[in-house]
There are 2 protein chains.
Amino acid sequence: MNTMDCRPIGVFDSGVGGLTVVRALMDRLPFENIVYFGDTARVPYGVKSVGTIEQFTQQIVEFLLKREVKALIIACNTIAAVAADRVRQMAGGIPVLDVIEAGALAAVEATKTGDIGVIATSTTVNSNAYARAIHHLNPNTRVYSQACPLFVPLVEEGWLDHEVTRLTALEYMKSVLVEDVDTVVLGCTHYPLLKPLLTDVTEGRITLVDSAVTTAEATAQRLAEAGLLNRSRGVPDYHFYVSDIPLRFQTIGERFLGRSMRDLEMVKLG
Amino acid sequence: MNTMDCRPIGVFDSGVGGLTVVRALMDRLPFENIVYFGDTARVPYGVKSVGTIEQFTQQIVEFLLKREVKALIIACNTIAAVAADRVRQMAGGIPVLDVIEAGALAAVEATKTGDIGVIATSTTVNSNAYARAIHHLNPNTRVYSQACPLFVPLVEEGWLDHEVTRLTALEYMKSVLVEDVDTVVLGCTHYPLLKPLLTDVTEGRITLVDSAVTTAEATAQRLAEAGLLNRSRGVPDYHFYVSDIPLRFQTIGERFLGRSMRDLEMVKLG
């Protein structure tokens, strides 16, 4: 067993949303090196076709594998929904974790009634990936899904507690709440930033599953099992690659990461 | 003078929004062949950096020039704002028209007080391209700009007359209306679909300039001057190329185009 595996964990997303997973990983595994890739030049993926998402994902995974990562974390629900198999094929035996597996597990553990809601982008909802993952873990659950395409732009606009966001949330949540769910999975890495508002809108009666935290926990377990943890106690290296650095990127990124973002570098893919 | 120039007009946009310009062209120049390119795999451009937008634009223009277009129309405000010079350099003498030049001209003609508002994406507003174009035409005007990043996703969600869209419009228009403008340029090709709602929100006191129509008019004039009109009276060919065909694309596209969209083809750039 390698007790000093200081190779980085590779985390990737279509944009900045995956930084919520990086943030949870930094908290849960404070000695691990992390390399992040966000495809900000082509974001968002959630409104694009499966073929295009697979092609973009392949380019990202090739990039990260060249950086000798010891594990890959799909920190994007859309990629996890439609291209997780492709990533596992490419990974060559290193662990691959994804936000959907982790979120589904947390939802199944949280629900008491077995009625689970999932809110996500259109592509994630249409893929049915959450329902499949949840039913695989517990065939006695019922899953109700709702696409919420406006949540990502609302979060990026910073309207986290705005009347417009509240009204939008009420509209989207209506069809989920009518099904009497007791648990709702936040099936997009942008949504954890709306947690306070969504708690409010659902009057605190619903357990909201944030897959960033559950993904970090699953990663810690999987690395420990595989003997891949970095047991050196040095200051970790964090490196952030993106395919574009637009205006306000640093501001938005740091809102997701919850701390300052150094070692940010732009690379072109494709 | 060539009286039978049946080469197509090339129209391009970051996505589907430019189809509003195609629609206006079909009405104004019913005998012209048109080839459209929408970069739906990488849309939206309005939140991306200037360097990235220039690179993507160059790929689109190369693609259209290979299709032997007789004119290029930049039907995307963001591209017009930051990459119009690049397009003109590449065009090799064929006419290049863009929505900003056309919109600026229409605004200057429409205003009585000289106080003009511009609403657009963040990148377009930050480029200051409308203010430059308007001041160039009439230095005595004053221009007030407001970025409206939520309008594109609201239009794509189809919430054209929704309370959420109304509240969002009120919030965005507040800072423009306080400046007592009498004319507002819809500086994004998605916005014409919000014209009824914006007329309502501004209580009909403002002239809303839709650059799709003014761009078609400017194109007609320029082609006539250059002797490039197609004087054959046949049924025109329309060909639509996009870099991705996601779910609901046809529906959304036809909402912009105002008619059915045949000859749709997917091509990969970059």
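Residues numbered from 1 in each chain as written. Chains lettered and ligands numbered in written order. Predicted model: local features only at pLDDT ≥ 70, side-chain atom pairs only at ≥ 80, totals over all residues. Heavy atoms only, no water.

Re the sheet that holds strand β8 (residues 207-210) of chain A
Residue and element names in this part refer to chain A. The strand order β6-β5-β7-β8 describes an open sheet built from 4 strands, whose pairing is parallel. With one partner strand each, in any of the chains shown, β6 (142-147) and β8 form the two edges of the open sheet. Shown here is a sheet whose adjacent strand axes are inclined to one another by a mean of 25°, direction ignored. Here strand β7 (residues 183-186) runs beside β8; their pairing, made up of 4 bridges, is parallel. Paired with V185 across the two strands is V209, which belongs to β8. Helix-sheet contacts for helix α4 (residues 99-110) involve β5 (115-120), β7 and β8, and the interaxial angle to β8 is about 155°. (Pairing = 2+ DSSP bridges. Helix = DSSP H or I, 4+ residues; strand = E, 2+ residues; numbered from the N terminus. Axes fitted to C-alpha atoms, helices over the stretch in contact; angles between N-to-C directions. Contact = heavy atoms within 4.5 Å.)

Some details on the relation of the copies chain B and chain A
Mapping chain B onto chain A calls for a screw motion: a turn of 180° about the axis and a shift of 0.0 Å along it, with 0.0 Å RMSD after fitting. Given the turn and translation reported, the copies of this chain are related as if by a two-fold rotation axis. If distances are taken from each C-alpha of chain B to the rotation axis, the shortest is found for B:R42, at 2.2 Å. (Least-squares fit on C-alpha atoms with pLDDT ≥ 70 in both.)

Regarding the layout of surface pockets
Residue and element names in this part refer to chain A. Of the volumes computed, that of the second largest pocket is approximately 700 Å³. Around the second largest pocket, the lining is made up of 29 residues, and of these R88, D98, I100, E101 and A102 lie nearest the centre. Elements supplying a minimum of two residues to the lining of the second largest pocket: α3 (77-90), β4 (96-98), α4, α6 (129-137) and α10 (211-225). Counted by class, the lining of the second largest pocket contains 15 nonpolar, 3 polar and 11 charged residues. Each of domain 1 (9-98 + 213-266) and domain 2 (100-211) contributes no fewer than three residues to the lining of the second largest pocket. (1 Å grid on protein atoms, 1.4 Å probe; cavity = no way out; pocket = protein on both sides within 12 Å on 5 of 7 lines; lining within 4 Å. Points joined across faces, edges and corners; volume = space filled by probe spheres on them. Nonpolar A, V, L, I, M, F, W, Y, C, P; charged D, E, K, R; others polar. Domains from an automatic or database assignment.)

Side note on the domain arrangement of chain A
Residue and element names in this part refer to chain A. According to the domain assignment, chain A consists of domain 1 (9-98 + 213-266) and domain 2 (100-211). For domain 1 and domain 2, the distance between their C-alpha centroids amounts to 22 Å. At the junction of the two partners, domain 1 supplies 27 residues and domain 2 supplies 25 residues. Taken together, both faces of the contact between domain 1 and domain 2 bury some 1,900 Å²; the carbon and sulfur share is 52%. Connecting domain 1 to domain 2 are 1 salt bridge. Among the salt bridges present, the one from R88 reaches E101, with a minimum N-O distance of 3.6 Å. (Buried area = accessible area lost by both parts, 1.4 Å probe. Salt bridge = Lys/Arg side-chain N within 4 Å of Asp/Glu carboxyl O.)

Quick look at the interface of chain B and chain A
Counting residues at the interface gives 33 residues for chain B and 33 residues for chain A. When the two sides are added together, the surface that chain B and chain A hide from each other amounts to roughly 2,400 Å², 64% of it contributed by carbon and sulfur. Put simply, chain B and chain A have 0 salt bridges between them. Counting across the chain B and chain A interface gives 16 residue pairs in polar contact (both at pLDDT 80 or more). The set of elements that each furnish at least two residues to the side of chain B that touches chain A consists of α2 (50-66), α7 (151-157) and α8 (163-177) of chain B. With 6 residues, α8(B) is the largest single contributor of residues to the side of chain B that touches chain A. Class assignment for the residues of the side of chain B that touches chain A results in 17 nonpolar, 9 polar and 7 charged. (Polar contact = N/O pair within 3.5 Å; in protein donor to acceptor, adjacent residues only side chain to side chain.)

Looking at helix α8 (residues 163-177) of chain A
An α-helix turns once per 3.6 residues; consequently, residues spaced three or four apart project the same way. All names here are of chain A. With 15 residues, α8 should reach 21 Å at 1.5 Å per residue; the first-to-last C-alpha distance of 20 Å fits that figure. At E171, α8 shows its strongest bend, of approximately 25°. Looking only at α8, the buried set comprises V164, T165, T168, A169, Y172, M173 and V176. (Expected span 1.5 Å × (residues − 1). Bend = angle between axes of the 7 residues up to and from the residue. Buried < 20%, exposed > 50% of the residue type's maximum accessible area, 1.4 Å probe, protein only.)

A word on the packing of helix α1 (residues 19-28) of chain B against helix α10 (residues 211-225) of chain B
Residue and element names in this part refer to chain B. One way to put it is that α1 packs onto α10 with a least axis distance of 8 Å and a crossing angle of 50°. Relative to α10, α1 is oriented oblique. Note that α1 runs across α10; the crossing there is right-handed. Residues T20, V21, A24, L25 and R28 of α1 form the contact with α10, whose participating residues are A212, V213, T215, A216, E217, T219 and A220. Taken together, the residues of the contact of α1 with α10 sort by class into 7 nonpolar, 3 polar and 2 charged. (Parallel < 35°, antiparallel > 145°, perpendicular 65-115°, else oblique. Left-handed = near helix turned anticlockwise from the far one by under 90°.)

Observations regarding the side chain of A:S243
By the element assignment, A:S243 lies in the loop between β9 (238-242) and α11 (249-257). A residue is classified by how much of its surface remains accessible, and A:S243, at 3% relative accessible area, is buried. A polar contact of 3.0 Å, which involves the side chain of A:S243, links it to the backbone nitrogen of A:T40. Beyond its immediate chain neighbours, meaning those up to four positions away, A:S243 contacts A:F37, A:G38, A:D39, A:T40, A:A41, A:R42, A:M266, A:V267, A:K268 and B:T52.

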